[in-house]
Amino acid sequence: MSAETTIQNPILRGFNPDPSIVRAGDDYYIATSTFEWFPGVQIHHSRDLAHWRLLTRALDRSSQLNMLGETDSCGIWAPCLTHADGLFWLIYTDVKRYGRTTVAGASGASLRDFHNYLVTSPRIDGEWSEPVYLNSSGFDPSLFHDDDGRKYLVNMLWDHRPGCNRFAGIVLQEFSSKERRLIGERKNIFKGTPLGFTEAPHLYKRKGWYYLLTAEGGTGWGHAVTMARSRKLAGPYELHPDTHILTARNRPDVELQRAGHADLVETQNGETYMVYLCGRPLRNRGRCTLGRETAIEKMAWGKDDWLRTLDGQGIPALETPAPPLPACAFPTSPTTEDFNSPQLPIDFQWLRTPWPEEIFHLAARPGFLRLYGRETIGSLFRQSLVGRRQQAHCISAATVVEFEPKHFQQAAGLVCYYSGAKFHYLHISHDETIGKHLRVMSCLPDSPQADAFTPPIPLSAGKPVHLRAEIDFERLHFGYRVEGIDNDWQWLPQQFDASILSDEACAPGTANFTGAFVGLACQDLSGMAHPADFDFFEYKERSYRARPFSIS
């Protein structure tokens, strides 16, 4: 196939933040953060930088990752993926406690626990090694392979002391491949600029210069990519003449906002591209319901050996020139998953636990996804919720569930979910007066009443129930149909606010770094693990629908 002429951004849509990119031969790979969703670290594959597929997830067993009890938006932060010495090297942070931020109005202690680890594999899609512990001094670790064979770890340094800059700079320490540990003295090589929140370091070497790329300004509207360089690895580092080489902080008019947390890759032809996280807000800088996504920009080295965007403006763009590589498109994911495979489809994840057999099974009833009723929706431990990312502003999602609850502590259904503090849950339950019924529970982060329920709708017992969600930007509508009784969809009269499924809808200082999911859930608060069987899950991206009920 002929080469693409342009690349359309974002290249990784939906919740796919903190991209780290590497080329191995003719193949490109991007690793992105997964936070509390299991398995950990999404790895995407491309051969032309324009077309991407989700290939694998690296951290898939309990000896590598156990996030039980970790709060929302903790877990796996900012992986760094490199290739050297015949191995892929993956560095990542497992955040155990988020703590208070420096945001006004935030409560709690400014203490954080984040542990940094290394895993390796000769194959990108193979079994990754057991983790090697590195340090816990800060987050966003990155491994630099110098051309003399030595390796160095950089990460941001967290300073919890009162009156100090929490983001205390970028620290460097040598890593011994032979001893599999950090050695030598830790050095603070870059304190950052007045913009602050200096994080996400990556090191590169070019023409005798060491280049340090960092993110600054926080991962919201003020986000920016900062560059500095030095002739010596340990510095001192001088700032880029423009300081920030990519940002939308002063451009509310551009489509891609929150641009930052970047990484560089060189093509086979010597061209340089930069991947970075971004957000596509609802109109007029509204909330980013799709979470933080990944985009790419072709860059150019100037005569002064500094890196800039092609036009020198440093603004994220919806299109960028593609490299002259043969186009390599991948098959798209099916719109309907019938759960006929013994493995959960790759687009789906679950929360925290490395023991999925405790919350779901695909063989208990062939052709169905069986969820076992476990803890409350929003639990930090064993929560039976299986979902996939919302990757477009306008989508339709549907399922059919066979579920016969015996009392009010049992529930199952279709959920639009961001975290335990933000969701809309269309669920079936039981009431001693009404019997089997359907209603929506919403958890609202920006309302005086945090949880809200719609009136219950009685349902016939012993019948499968079809459930669906229609999302058009900030509008969410739910419908249902009882098999064998309802010929047409029955629509709930309420319109729900889908914009709460975003980073921006939150209390001051809380961690909100993921994105909207749509999926299936089941609870049994009695502890009896009463199951629900889901026959299929349908997910369709579509154009805006002014009349949300105009579906077949």
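The shown structure was predicted, so the numbers you read here are calculated from the model rather than taken from an experiment.

Focus: the overall build of the protein chain
Moving on, step 1. When helices and strands are tallied, the protein chain shows zero helices and 40 strands.
Moving on, step 2. What you see for the protein chain is a C-alpha radius of gyration of 24 Å, in line with the 24 Å of a compact globule of 552 residues.
Moving on, step 3. On the principal axes, the C-alpha backbone points of the protein chain span a range of 75 × 50 × 45 Å.
Moving on, step 4. When the 552 residues of the protein chain are sorted by exposure, 60% land in the buried category.
Moving on, step 5. Restricting the contact set of the protein chain to residue pairs at least 6 apart, pairs at least 24 apart contribute 59%.
Moving on, step 6. Of the charged side chains in the protein chain, 57 are positive and 64 negative; the average position of the first set lies 3 Å away from that of the second.

Considerations on the packing of aromatic side chains
Moving on, step 1. Taken as a whole and assessed by the stated rule, the structure comprises 29 aromatic pairs.
Moving on, step 2. Seen from their ring centres, Phe167 and Phe197 are 5.2 Å apart, and the 65° between their planes marks the pair as edge-to-face. Of the two residues, Phe167 sits in strand β13 (residues 167–176) while Phe197 sits in the loop between β14 (181–190) and β15 (199–206), which places them 30 residues apart along the sequence.
Moving on, step 3. Look at Trp489 and Trp491: their rings are 6.4 Å apart centre to centre, the planes differ by 40°, and that puts the pair in the tilted class.
Moving on, step 4. When the ring centre of Trp89 is taken as reference, the NZ or CZ atom of Lys151 above it lies at 4.8 Å.

A short note on the sheet that holds strand β6 (residues 53–59)
Moving on, step 1. The sheet built from four strands is open, its strands ordered β2-β3-β5-β6 with antiparallel pairing. A strand with exactly one partner marks an edge of an open sheet, and here the two such strands are β2 (20–24) and β6. Pairs of neighbouring strands in the sheet enclose a mean axial angle of 25°, with direction left out of account.
Moving on, step 2. Pairing of strand β5 (residues 40–46) with β6, which is carried by five bridges, proceeds in the antiparallel orientation. Looking at β6, one finds that His45 is bridged to Arg53.

Describing the nonpolar core
Moving on, step 1. Grouped together as the largest cluster of nonpolar side chains are 67 residues, with contacts concentrated most on Leu81, Trp128, Leu369, Phe478 and Phe537.
Moving on, step 2. Residue contacts for Leu369: discarding those within four places in its chain leaves Phe339, Leu344, Phe360, His361, Leu362, Val386, Leu520, Ala532, Asp533 and Phe534.
Moving on, step 3. Judged by nonpolar contacts, the second largest core, of 40 residues, contains Phe114, Ile189, Tyr237 and Tyr417.

Let's talk about the pairing of strand β32 (residues 435–443)
Moving on, step 1. Among the nine residues of β32, eight are classified as buried, and the element is accordingly described as predominantly covered.
Moving on, step 2. Taken together, the nine bridges between strand β31 (residues 422–431) and β32 define a ladder with antiparallel strand orientation. In the sheet register, His430 faces β32, and the bridge partner there is Lys436.
Moving on, step 3. Examined bridge by bridge, β32 and strand β34 (residues 457–458) share two bridges and lie antiparallel to one another. Counted as the bridge partner of Leu438 is Ile457 from β34.

Some points on the pattern of salt bridges
Where charged atoms from two side chains of opposite charge come close, those side chains can pair.
Moving on, step 1. Applying the stated criterion to the full structure yields 39 salt bridges.
Moving on, step 2. A salt bridge links Asp147 to Lys205; its shortest N-O distance comes to 3.2 Å. Of this pair, Asp147 sits in the loop between β11 (142–145) and β12 (151–158) while Lys205 sits in strand β15, and the two are 58 residues apart along the sequence.
Moving on, step 3. In this structure Lys205 comes out as partly exposed when scored by relative accessible area, which is 34%.
Moving on, step 4. The salt bridge involving Arg206 is made with Asp305; its shortest N-O contact spans 3.3 Å. Of this pair, Arg206 sits in strand β15 while Asp305 is found in the loop between β21 (293–301) and β22 (307–309), placing the two residues 99 residues apart along the sequence.
Moving on, step 5. What emerges from the salt-bridge pattern is a single network uniting Arg468, Glu470, Asp472, Arg475, Glu538, Lys540, Arg542 and Arg545.

Remarks on the sheet that holds β11
Moving on, step 1. The antiparallel open sheet is built from four strands, whose spatial order is β11-β12-β13-β14. Of all strands in the sheet, those bounded by a partner on one side alone are β11 and β14. Strand after strand, the sheet turns through a mean of 30° between neighbouring axes, direction not considered.
Moving on, step 2. Alignment of β11 against β12, held across four bridges, turns out to be antiparallel. Its bridge partner being in β12, Ser142 is matched across the sheet by Val154.

What to know about unusual backbone geometry
Moving on, step 1. With an omega dihedral of -5°, the bond running from Phe38 to Pro39 counts as a cis peptide bond.
Moving on, step 2. With respect to the helices and strands, the residue Pro39 is situated in the loop between β4 (37–38) and β5.
Moving on, step 3. With an omega of 10°, the peptide bond between Gly235 and Pro236 qualifies as cis.
Moving on, step 4. Its location among the elements puts Pro236 in the loop between β17 (224–230) and β18 (238–247).

Quick word on the state of the cysteines
Moving on, step 1. A full pass over the atoms with the stated rule returns zero disulfides.
Moving on, step 2. Left unpaired, Cys80 is separated from the closest cysteine sulfur, that of Cys278, by 20 Å.
Moving on, step 3. Of all cysteine sulfurs in the structure, the one in Cys394 sits closest to Cys416, which takes part in no disulfide; the separation is 13 Å.

Focus: the environment of Asp148
Moving on, step 1. With respect to the helices and strands, Asp148 occurs in the loop between β11 and β12.
Moving on, step 2. Since its relative accessible area comes to 47%, Asp148 is described here as partly exposed.
Moving on, step 3. Separated by 3.0 Å, the side chain of Asp148 and the backbone nitrogen of Arg150 make a polar contact.

Regarding the environment of Tyr98
Moving on, step 1. Within the secondary structure, Tyr98 sits in the loop between β8 (87–97) and β9 (113–121).
Moving on, step 2. With a relative accessible area of 10%, Tyr98 lands in the buried category.
Moving on, step 3. A C-alpha to C-alpha distance of 6.6 Å links Tyr98 and Cys74, two positions 24 residues apart in sequence.
Moving on, step 4. Apart from residues no more than four positions distant in its own chain, Tyr98 is found in contact with Cys74, Trp77, Leu111, Arg112, Gly509, Thr510, Ala511 and Phe513.

Procedures and definitions
- Residues numbered from 1 in each chain as written.
- Predicted model: local features only at pLDDT ≥ 70, side-chain atom pairs only at ≥ 80, totals over all residues.
- Heavy atoms only, no water.
- Helix = DSSP H or I, 4+ residues; strand = E, 2+ residues; numbered from the N terminus.
- Rg over C-alpha atoms; globule rule 2.2 N^0.38 Å.
- Buried < 20%, exposed > 50% of the residue type's maximum accessible area, 1.4 Å probe, protein only.
- Contact = heavy atoms within 4.5 Å.
- Lys, Arg positive; Asp, Glu negative; His and termini not counted.
- Charge placed at Lys NZ, Arg CZ, Asp CG, Glu CD.
- Phe/Tyr/Trp six-rings, centres within 6.5 Å; stacked < 30°, edge-to-face > 60°.
- Lys NZ or Arg CZ within 6 Å of the ring centre and 35° of its normal.
- Pairing = 2+ DSSP bridges.
- Axes fitted to C-alpha atoms, helices over the stretch in contact; angles between N-to-C directions.
- Core = buried A, V, L, I, M, F, W, Y, C linked by side-chain atoms within 4.5 Å.
- Salt bridge = Lys/Arg side-chain N within 4 Å of Asp/Glu carboxyl O.
- Disulfide = S-S within 2.5 Å.
- Polar contact = N/O pair within 3.5 Å; in protein donor to acceptor, adjacent residues only side chain to side chain.

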